[in-house]
Amino acid sequence: MLKEAAEIVRVVLEFFRSLKLVFTIFLCSAIWLLPPVRNLFPVSKAFTDNANFIASIILLLSGAYLMVSVFLLLYHRVQKWRRSEERRLRKALEHASPLEKSVLEAVICKGQYLIGLDVGSPIAMHLQELGLIIRVMGPTPCTMYQLAIGLADFCIRTPSLLHVQEQQTETALVTLEQWRNEGLHNGFFNQLRETGS
């Protein structure tokens, strides 16, 4: 008896997992309730009244089920998108300064995945805090950081993420020139020299 009940419950659940079937039932019950369709079938008034009542209940239940299912489907999609790696990287890049974006762009444009920055530099710490780079080798002569997984590919697919306004680009270039003159971040400049930048 319990096995049969469990089997019936399983079949019912399997049936309701198919949104196409539930939508078909919803559509059929809605069509049945249309007066021109009902009048096509020569049946007694008692049968029509019962059929209308059953069709109304089925329409109501299947419509509610479809609404809840669509809502849950959209909710799960939104949650999946909010937790996605691309969204996390996009949010992190929004918080990166124009200088940090320029440094990342210089490395990504050269097809590299490592950045050599000085130990404890504010730019390295901030990029780490944002989750855009990860420390892989340390501290002498410079600390090597790896780009976050997927960052380079994501920026190549969406280059606008690294673009900054022209005035900010000029400011970033001035700061980079200042770094070079003061001997800061030699690992970064050596990388760019090796790749012919």
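Chemist: Lay out the nonpolar core in plain terms, naming residues and giving numbers.
Modeler: In this structure, Leu104, Ile115, Leu132, Leu151 and Phe188 are the most contacted members of the largest nonpolar core, which totals 32 residues. Elements supplying a minimum of two residues to this core: α5 (85–95), α6 (98–109), β1 (114–117), α7 (122–130), β3 (143–147), α8 (151–157), α9 (166–182) and α10 (186–194). Element by element, the count of residues in this core is highest for α6, at 5 residues. Not counting residues up to four positions away in its chain, the partners in contact with Phe188 are Val103, Ala106, Val107, Ile115, Gly116, Leu117 and Leu176.

Chemist: For the pattern of salt bridges, give the residues involved together with the corresponding values.
Modeler: Tallying each qualifying case throughout the model produces 3 salt bridges. Here Arg88 ties to Glu85 by a salt bridge, and the two come within 2.6 Å at their closest N and O atoms. Taken together, the residues Arg88 and Glu85, both in helix α5 and 3 residues apart, mark about one turn of the helix. Note on Arg88: relative accessible area 34%, which makes it partly exposed. For Glu86, the salt bridge goes to Arg157, with nearest N and O atoms at 2.2 Å. Placement of the pair is Glu86 in helix α5 and Arg157 in helix α8, with a sequence separation of 71 residues. For Glu86, a relative accessible area of 39% puts it in the partly exposed group.

Chemist: So what about a nonpolar patch on the surface? Which residues, and what values?
Modeler: Together, Ile25, Phe53, Ile54, Ile57, Ile58 and Leu61 give the surface a local cluster of nonpolar side chains, amounting to about 540 Å² of exposed area. When residues of the nonpolar patch are assigned to their parent elements, the largest contribution, 5 residues, is made by helix α4 (residues 45–82). Position of Ile25 relative to the elements: it lies in helix α2 (residues 19–32).

Chemist: I'd like a description of the side chain of Glu100, backed by residues and values.
Modeler: Among the structural elements, Glu100 can be located in helix α6. Buried and unpaired, Glu100 has Lys101 as its nearest opposite-charge partner, separated by 8.6 Å. Beyond its immediate chain neighbours, meaning those up to four positions away, Glu100 contacts His95, Ile123, His126, Leu127 and Leu130.

Here is what the cut-offs are and how they apply
Residues numbered from 1 in each chain as written. Predicted model: local features only at pLDDT ≥ 70, side-chain atom pairs only at ≥ 80, totals over all residues. Heavy atoms only, no water. Core = buried A, V, L, I, M, F, W, Y, C linked by side-chain atoms within 4.5 Å. Buried < 20%, exposed > 50% of the residue type's maximum accessible area, 1.4 Å probe, protein only. Helix = DSSP H or I, 4+ residues; strand = E, 2+ residues; numbered from the N terminus. Contact = heavy atoms within 4.5 Å. Salt bridge = Lys/Arg side-chain N within 4 Å of Asp/Glu carboxyl O. Patch = residues over 30% accessible without salt bridge, like charges linked within 9 Å, V, L, I, M, F, W, Y side chains within 5 Å. Areas by Shrake-Rupley, 256 points an atom, 1.4 Å probe, with all protein chains shown as cover. Lys, Arg positive; Asp, Glu negative; His and termini not counted.

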